[in-house]
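# Overview (structure and organization)
The residues making up each chain are set out below.
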Amino acid sequence: MIEFEKLPFFEEYFDEKTGVKSYILTKKPAEFIQSFYFTNQSLSRDQKYLWTYCFYPPLRHRCLGVVCLDAENPFVKVFKEAVFWDATPLVAPEGDKVYFVGSERIGQICTIDTDGNIEEFAVLDSSYVGEKKITRFGTHLTLSADGKYMLVDAMFTTYGFIALLDMETRKFSIINEYQGLYNHGQFSPVHPKLFLIDQDSWCDPITGKYIAFKNRIWLHDTDATRFEPIVQRSWFGHDETKFCHDFWSGNGKVCTVDFRRGVFEMDLENRELIHVWNEPLCHAHCNADGSLWVADQSPYAWDKVPCRVIFFNRASKKTIDIFSAMPKPTYPRAYWHIDPHPQFTEDGKYIVSTTTVRGTLDVAITPVDQLVDMTR
């Protein structure tokens with residue numbers, strides 16, 4: 001358990017409407033910080049380190065920061081040299097280092113440890129890149145369930161590819177190429193060969209034409225024998241579906257959020273789509289067995305109404321707001337993808353999120369036990 005009372009970096013915050021208690025990081029690596037994207041853990045598995053995104057307006061790139069939660073040796077550091085784009089950083093299983101895309105242009109993966117030591121871990125074979133320009137390399141990095149591979153989705157201006165990085169040999173292999181934009185690649189936490197890849201809308205860089213996606217979520221495998229849409233008979237914008245954010249539950253189910261109808265989950269064995277949480281939501285996440293959920297609603301409307309972070313108890317069907325009225329960020333959210341992005345820690349004991357309740361951009365950690373008690 002995190003000993004917040006022994007750490008000088010946090011203060012208690014109680015939501016004015018619900019009384020839910022969170023701990024907000026007050027001594028920060030930078031003035032503007034965020035928790036990691038909701039599909040990648042911000043808190044290390046051993047809960048010793050809290051990793052954050054940092055940014056410095058008006059510059060639009062981000063860098064990494066770390067907070068040591070060891071009460072015997074607490075510290076806060078920012079690594080301005082660990083620059084990345086998109087939401088690529090991945091906390092290594094051992095917790096004291098992070099993988100991130102060091103350079104999109106050459107397809108480079110680097111590591112940084114808590115002392116700030118940066119090393120090149122791997123780089124894409126130049127014979128494959130040639131004179132082509134890599135315009136995106138990695139949405140958010142993930143590891144296969146057996147730890148053998150890292151998944152990297154990428155793009156050359158008008159067409160993309162999916163690469164596997166062998167974590168032992170540090171060599172990349174290309175397993176698929178495709179026209180258009182596919183991103184948000186995510187390895188299954190239980191099936192070593194399976195991963196999700198999302199089809200996304202994009203603007204053709206040559207014609208400038210906006211191209212909408214047809215099916216959001218696709219199931220792929222490392223042997224390149226499967227590349228199939230998860231939700232059949234769905235055509236975004238042409239039927240009732242608005243599936244836009246997806247992730248794996250800890251037990252290997254595919255979870256997805258429909259902006260209008262809330263959260264669904266699917267067991268790959270029977271492909272039955274279960275409607276878990278029925279209300280408009282944006283980003284969502286769950287604990288390992290899918291019994292507890294959290295979501296934000298909605299950073300896309302932040303200019304009009306305060307954003308909320310909501311907890312959902314699947315057994316009781318009750319909800320409670322963790323943050324009931326977050327004011328919009330000081331800076332435009334789209335530049336740095338400033339969304340709450342709430343996520344459960346791997347053990348399900350905490351929820352980590354980005355919050356604006358103090359009028360600044362902060363990272364909060366919310367104990368889960370109280371939420372269960374309040375929603376029985």
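Values in this document were obtained by computation on a predicted structure and should not be read as measured data. (Residues numbered from 1 in each chain as written. Predicted model: local features only at pLDDT ≥ 70, side-chain atom pairs only at ≥ 80, totals over all residues. Heavy atoms only, no water.)

Turning our eyes to something else, we now look at the sheet that holds strand S30 (residues 343-344). If you walk across this open sheet you meet the five strands as S1-S2-S32-S31-S30, and the pairing is antiparallel. Both outer strands of the open sheet, strand S1 (10-14) and S30, are each paired with one neighbouring strand and no more. Here S1 pairs with strand S2 (residues 21-25) via five bridges, running antiparallel. Bridged to Phe10 within S2 is Leu25. (Pairing = 2+ DSSP bridges. Helix = DSSP H or I, 4+ residues; strand = E, 2+ residues; numbered from the N terminus.)

Going through the model one piece at a time under the given rule, you end up with zero disulfides. Cys54 takes part in no disulfide bond, and the closest cysteine sulfur, belonging to Cys63, lies 4.9 Å away. (Disulfide = S-S within 2.5 Å.)

In the segment running from Pro57 into Pro58, the intervening peptide bond is cis, with an omega of 10°. That bond from Gln297 to Ser298 is cis: its omega, -25°, falls within 30 degrees of zero. One non-glycine residue with positive phi stands out, namely Arg271, at about 60°. The residue His341 is not glycine, and still its phi comes out positive at about 45°. For His341, a relative accessible area of 3% puts it in the buried group. (Buried < 20%, exposed > 50% of the residue type's maximum accessible area, 1.4 Å probe, protein only.)

On to the environment of Lys27. Turning to its location among the elements, Lys27 is positioned in the loop between S2 and strand S3 (32-34). By relative accessible area, which is 48% here, Lys27 ends up partly exposed. Setting aside residues up to four positions removed in sequence, Lys27 forms contacts with Phe9 and Val76. (Contact = heavy atoms within 4.5 Å.)

Quick look at the pattern of salt bridges now. Per the counting criterion, the structure on display carries 22 salt bridges. The salt bridge partner of Lys28 is Asp362, with a shortest N-O separation of 2.9 Å. One end of the pair, Lys28, is in the loop between S2 and S3; the other, Asp362, is in strand S32 (residues 362-367), with 334 residues separating them in the sequence. Grouping residues by exposure puts Lys28 and Asp362 together as buried. (Salt bridge = Lys/Arg side-chain N within 4 Å of Asp/Glu carboxyl O.)

This part is about the pairing of S2. For a regular strand, the rule is simple: side chains alternate between the two faces of the sheet. In terms of burial, S2 is largely enclosed, as four of its five residues are buried. Counting the residues between successive antiparallel strands, the hairpin from S1 to S2 contains six residues, one of them, Gly19, with a positive phi of roughly 80°. Pairing of S2 with S32 involves two bridges; the strand directions are antiparallel. Bridging across to S32, Ile24 finds its partner in Ala364.

Next up on the list: the packing of aromatic side chains. Enumeration according to the criterion identifies 29 aromatic pairs in this entry. Ring geometry for Trp51 versus Phe79: centroids 6.5 Å apart, planes at 40°, classification tilted. Of this pair, Trp51 sits in strand S4 (residues 49-55) while Phe79 sits in strand S6 (residues 75-84), and the two are 28 residues apart along the sequence. Taken together, the ring pairs in this structure connect Phe32, Phe55, Tyr331, Tyr335 and Trp336 into an aromatic cluster. Here Lys80 stacks its cationic end above the ring of Tyr56, 4.8 Å away from the centre of that ring. One residue, Arg216, lies across the ring of Phe213, its end atom 5.6 Å from the ring centre. (Phe/Tyr/Trp six-rings, centres within 6.5 Å; stacked < 30°, edge-to-face > 60°. Lys NZ or Arg CZ within 6 Å of the ring centre and 35° of its normal.)

Attention now goes to the nonpolar core. Counting residues in each nonpolar core, the largest one holds 32 residues, and the members touching the most others are Trp51, Leu64, Val263, Trp277 and Trp293. Per element, the largest residue contribution to this core is four residues, and it comes from S6. One finds Ala92, Ile109, Ala122 and Met167 within the second-largest nonpolar core, a separate group that totals 21 residues. (Core = buried A, V, L, I, M, F, W, Y, C linked by side-chain atoms within 4.5 Å.)

Relative to the assigned elements, Thr88 resides in the loop between S6 and strand S7 (90-91). Look past the residues within four positions of Thr88 in its chain and what remains in contact with it is Asn40, Tyr99, Phe100, Val101, Phe137, Gly138, Thr139, His140 and Leu141.

This paragraph deals with the pairing of strand S5 (residues 62-68). Here S5 lies mainly inside the structure; seven of its seven residues are buried. With seven bridges joining them, S4 and S5 adopt antiparallel strand pairing. If you follow Tyr49 over to S5, its bridge partner there is Cys68. Hairpin geometry of S4 and S5 is characterised by an intervening segment of six residues between the two adjacent antiparallel strands. By the bridge criterion, seven bridges tie S5 to S6 in an arrangement that is antiparallel. Looking across to S6, one finds that Arg62 is bridged to Phe84. Two successive antiparallel strands, S5 and S6, enclose a turn made up of six residues.

Attention now goes to the sheet that holds S3. With respect to topology, four strands assemble into an open sheet ordered S3-S4-S5-S6, the strand pairing being antiparallel. The sheet is open, and its two edges are formed by S3 and S6, each paired on a single side. Neighbour-to-neighbour, the strand axes of this sheet turn through a mean angle of 35°, independent of strand direction. (Axes fitted to C-alpha atoms, helices over the stretch in contact; angles between N-to-C directions.)

Looking now at the side chain of Asp198. Turning to its location among the elements, Asp198 is positioned in strand S17 (residues 194-200). In this structure the side chain of Asp198 is engaged in a polar contact, spanning 3.5 Å, whose partner is the side chain of Arg216. Setting aside chain neighbours within four positions, we find Asp198 in contact with Leu181, Tyr182, Asn183, His184, Arg216, Ile217 and Asp246. (Polar contact = N/O pair within 3.5 Å; in protein donor to acceptor, adjacent residues only side chain to side chain.)

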